[in-house]
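# Report on the structure
Listed here are the chains, written in short residue letters.
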Amino acid sequence: MLTLFAVPKPFRGNISIIQTNAIKSWLQLHPDCEIILFGDEEGTSDVATRFGLRHIPDVKKNEYGTPLLDDVFSKAQALASQEILCYVNADIILMSDFLKAVKIIRERKKVFLMVGKRWDINMEESWDFSLPDWECELRNYVLRSGSPRPPEWIDYFVFPRGFYRDLLPLALGRAAFDNWLLWKARSLKAPIIDASEVVMAVHQNHDYSHNPQGQKGVWEGEEAKRNRELMGGRHRCFTLADA
C-alpha cells in the first residue's frame, strides 16, 4: 500500500494539536498504510506509542539540531515495509482523494514523483475523526475558510522505494529543500505529476516558535542559505510549474 514518513516538530501547544490532527488523518487512509516518525523531538516517542506507529529517533542533524534530508530519506527507503513512500510534512491533513490518486498513478507509472498544492487553514482545536462525515465537514470548512497556496509550496512527495539516491544533506523544514527534490526528480528523467486538481492537502497554519529566529530564520537564516548553496543555485529551485 503506502509508507508515510515525517519528521515532527516538538509536540507542544498548538503544534501538538496540529500534528496530532495530521497523524490521525493518515491513520484513516487505509489499514495497511505504514507511518514512520523520525527524530527525537519532545512528544514524538509518546505519540508513536499512542498510535502504534514506527519511531526512528536517531537521525543525522546539522549543528543547529535540524534533521538532514539525505539521512531521513535513506533510512525511510531502507526501513519501509511498502513499495511506495510518501514524505509528508507533519502538519498536513490527507484525505481519501490522496490515496486514490496514488493508486491511479501507481497503475500507470513504475517510476514517478507525485506532488501537489496545499490549502492553508487555521486550526485551533482537535478535529473529530471519529465522525462518519469528518472528511466532508473538513472539505467544506477548507473551501469556506481556507486558501490554496502557490506552486512554490510543496508539502508531500510520493515516490517508489529506491527512487531517491545520492541526496544532499539539506536541512529539512528550511527553505528550498522541497524545491530541490523536484529538480532531483527531473534530473533523473522521472515524470513529476501534479495532483493538485484531485487532491486536497490541508496545511494547518502555525507559528515558527520552533526556530530561534522565527519565520525569518526558517526562510532567510544560515540553514536556508546553506541549503541554497548546496543545491547549486536558484536554477535548481523547481516548483509545481515544472511538473
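First things first, this report covers the structure right here in the doc. Computed from a prediction, not measured in an experiment: that's the story for all the values here. Numbers given to residues run from 1 along each chain, matching the order in which its sequence is written. Local features are withheld for residues below a pLDDT of 70 in this predicted model, meaning they are given only at 70 or higher, and side-chain atom pairs are given and counted only at 80 or more; totals for whole chains, interfaces and linings count all residues. Side-chain metrics rest on all non-hydrogen atoms present in the structure, leaving aside hydrogens and water.

## Describing the sheet that holds strand β7 (residues 118-121)
Two strands qualify as a pair provided DSSP detects at least 2 bridges between them. Each helix is a run of H or I in the DSSP string that is no shorter than four residues. Each strand is a run of E no shorter than two, and both are numbered from the N terminus. Read from one edge of the open sheet, 4 strands run β5-β11-β7-β8, paired in mixed fashion. If you trace the sheet from one side to the other, it starts and ends with β5 (92-93) and β8 (147-148), each paired once. As paired strands, β5 and strand β11 (residues 201-204) are joined by 2 bridges and run antiparallel to one another. Pairing of Ile-93 across the sheet is with Val-202, part of β11.

## Thoughts on the side chain of Lys-184
Structurally, the position occupied by Lys-184 is in helix α6 (residues 177-187). For the exposure calls, accessible area comes from a 1.4 Å probe over protein chains only, and a residue counts as buried if that area is under 20% of its type's maximum, exposed if over 50%, partly exposed in between. His is not counted here, nor are the chain ends, while Lys and Arg score as positive and Asp and Glu score as negative. Any carboxyl oxygen of Asp or Glu within 4 Å of a side-chain nitrogen of Lys or Arg constitutes a salt bridge here. Asp-166 is the oppositely charged side chain nearest to the buried, salt-bridge-free Lys-184, at an N-O distance of 5.3 Å. With near-sequence residues (within four places) excluded, Lys-184 lies in contact with Tyr-164, Arg-165, Asp-166 and Leu-167. Contact between two residues is taken to exist if any of their heavy atoms lie within 4.5 Å; hydrogens are not considered.

## Re the environment of Asp-133
Relative to the assigned elements, Asp-133 resides in the loop between β7 and α5 (134-145). According to the relative accessible area criterion, Asp-133 is partly exposed, its value standing at 35%.

## Looking at unusual backbone geometry
In this structure, Asp-166 takes a positive phi of about 55° despite not being glycine. Here Asp-166 lies in the loop between β9 (156-160) and α6.

## Regarding the pairing of β9
Of all the 5 residues making up β9, 5 are buried; the element is thus mostly covered by neighbouring parts of the structure. Of the two faces of β9, both are covered, the one formed by Tyr-156, Val-158 and Pro-160 as well as the one formed by Phe-157 and Phe-159. Bridge analysis of strand β4 (residues 84-88) against β9 gives 5 bridges, and the strand direction is antiparallel. Bridge pairing in β9 places Leu-85 opposite Phe-159.

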